[in-house]
Amino acid sequence: MPRLECLSLIEQLKLSTMYKHFDEVVTEGIKRKRSTLDILHRLLTIEQTERNIRSIEYRINQAKFPQHKSLADFDFKNTPLNKPAITLFMDNDFIENKRNIIFVGGPGTGKTHLATAIGINAATMGKKVRFWNVLDLVNKLELDKEMQKYKLSNQLIKHDLIILDELGYLPFSQKGGALLFHLISQLHEHVSIIMTTNLVFSE
């Protein structure tokens, strides 16, 4: 098949990365006497790799993380946290089993960093994640209630992991608290939750 016909078909199929690298891969393949199947495999692999990268970037962007954090960036030397125990969360088993995580501690102890790192790792591994500051979430729940819209809970229950950050740092109304509790009860056993808070369990 002539080169231009191949490129036209590739373009119609929206294989943009394959289209971009077609001449480079084919020329290199012919030069090294690669088989037709080998050349085709290389083109498909390039396309798949780029799509995976774009998919990861999309999921991380949709999660609305406040900043990009990784476990490698976390300083375990100045914390009582057990690194191997935290590292276990990176295999996403807790998400598969619909389990939850609560990080409790004062300001500056790294709760948000760890929650974000676990969330970004989950998104990278194909999970649908959403990060919320608790006060922002409560405000949205109250606004939806006033406008008689109940789409948020239906949207969140389709996620694999919800991160609720900074519970207890700023006060919200009793009505807001009731709406938050109702949302969490709806998500329970359907979606994994990571919560960060400065409140002890008795509060």
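Summarised in this report is the structure supplied together with it. (Residues numbered from 1 in each chain as written. Predicted model: local features only at pLDDT ≥ 70, side-chain atom pairs only at ≥ 80, totals over all residues. Heavy atoms only, no water.)

**Topic: the overall build of the chain**
And then number 1: Summing up its helical and strand segments, the chain has 9 helices and 4 strands in all.
And then number 2: The order of helices and strands in the chain, counted from the N terminus, is α-α-α-α-α-β-α-β-α-α-β-α-β.
And then number 3: Taking 2.2 N^0.38 as the reference for a compact globule, 203 residues should give roughly 17 Å; the C-alpha atoms of the chain span a radius of gyration of 23 Å, well beyond that estimate.
And then number 4: By residue count, 37% of the 203 residues in the chain fall in the buried class.
And then number 5: Expressed as a percentage of contacts within the chain between residues at least 6 apart in sequence, the contacts between residues at least 24 apart total 77%.
And then number 6: In the form shown here, the chain has an accessible surface area of approximately 13,000 Å², with 55% of it arising from carbon and sulfur atoms.
And then number 7: Within the chain, one finds 27 positive and 23 negative side-chain charges whose respective centroids are separated by 3 Å. (Helix = DSSP H or I, 4+ residues; strand = E, 2+ residues; numbered from the N terminus. Rg over C-alpha atoms; globule rule 2.2 N^0.38 Å. Buried < 20%, exposed > 50% of the residue type's maximum accessible area, 1.4 Å probe, protein only. Contact = heavy atoms within 4.5 Å. Areas by Shrake-Rupley, 256 points an atom, 1.4 Å probe, with all protein chains shown as cover. Lys, Arg positive; Asp, Glu negative; His and termini not counted. Charge placed at Lys NZ, Arg CZ, Asp CG, Glu CD.)

**Some words on the nonpolar core**
And then number 1: Counting 23 residues, the largest nonpolar core has Phe65, Phe103, Val129, Leu161, Ile163 and Ile194 as its most contacted members.
And then number 2: Elements with a minimum of two residues in this core: α3 (36-63), α5 (93-96), β1 (101-104), α6 (111-124), β2 (129-133) and β3 (161-167).
And then number 3: Membership of the second largest hydrophobic core comes to 17 residues, among which are Leu141, Leu180, Val191 and Met195. (Core = buried A, V, L, I, M, F, W, Y, C linked by side-chain atoms within 4.5 Å.)

**Re the side chain of Ser192**
And then number 1: Tracing the sequence through the fold places Ser192 in strand β4 (residues 192-197).
And then number 2: In this structure the side chain of Ser192 is engaged in a polar contact, spanning 3.2 Å, whose partner is the backbone oxygen of Phe94.
And then number 3: When neighbours within four sequence positions are excluded, Ser192 is seen to be in contact with Phe94, Ile95, Lys98, Arg99, Asn100, Asp160, Leu161 and Ile162. (Polar contact = N/O pair within 3.5 Å; in protein donor to acceptor, adjacent residues only side chain to side chain.)

**Some points on the pattern of salt bridges**
And then number 1: Considering all chains together, one arrives at 9 salt bridges under this definition.
And then number 2: A salt bridge links Arg54 to Glu50, with the shortest nitrogen-to-oxygen separation between them at 3.7 Å. Within this pair, Arg54 and its partner Glu50 are both found in helix α3, separated by 4 residues, close to a single helical turn.
And then number 3: Overall, Arg54 belongs to the partly exposed group, its relative accessible area being 35%.
And then number 4: The exposure class assigned to Glu50 is partly exposed, which follows from its relative accessible area of 29%.
And then number 5: A single salt-bridge network, built from bridges that share partners, covers Glu28, Arg32, Arg34, Asp38 and Arg42. (Salt bridge = Lys/Arg side-chain N within 4 Å of Asp/Glu carboxyl O.)

**Some details on the packing of aromatic side chains**
And then number 1: Counted under the stated rule, the structure contains 3 aromatic pairs.
And then number 2: Between the aromatic rings of Phe74 and Phe76, the centroid separation amounts to 4.7 Å while the plane-to-plane angle is 65°, which identifies the pairing as edge-to-face. The pair Phe74 / Phe76 is uniform in exposure class, with both members buried.
And then number 3: Of note, Arg130 hangs over the ring of Trp132, and the distance from its end group to the ring centre comes to 4.1 Å. (Phe/Tyr/Trp six-rings, centres within 6.5 Å; stacked < 30°, edge-to-face > 60°. Lys NZ or Arg CZ within 6 Å of the ring centre and 35° of its normal.)

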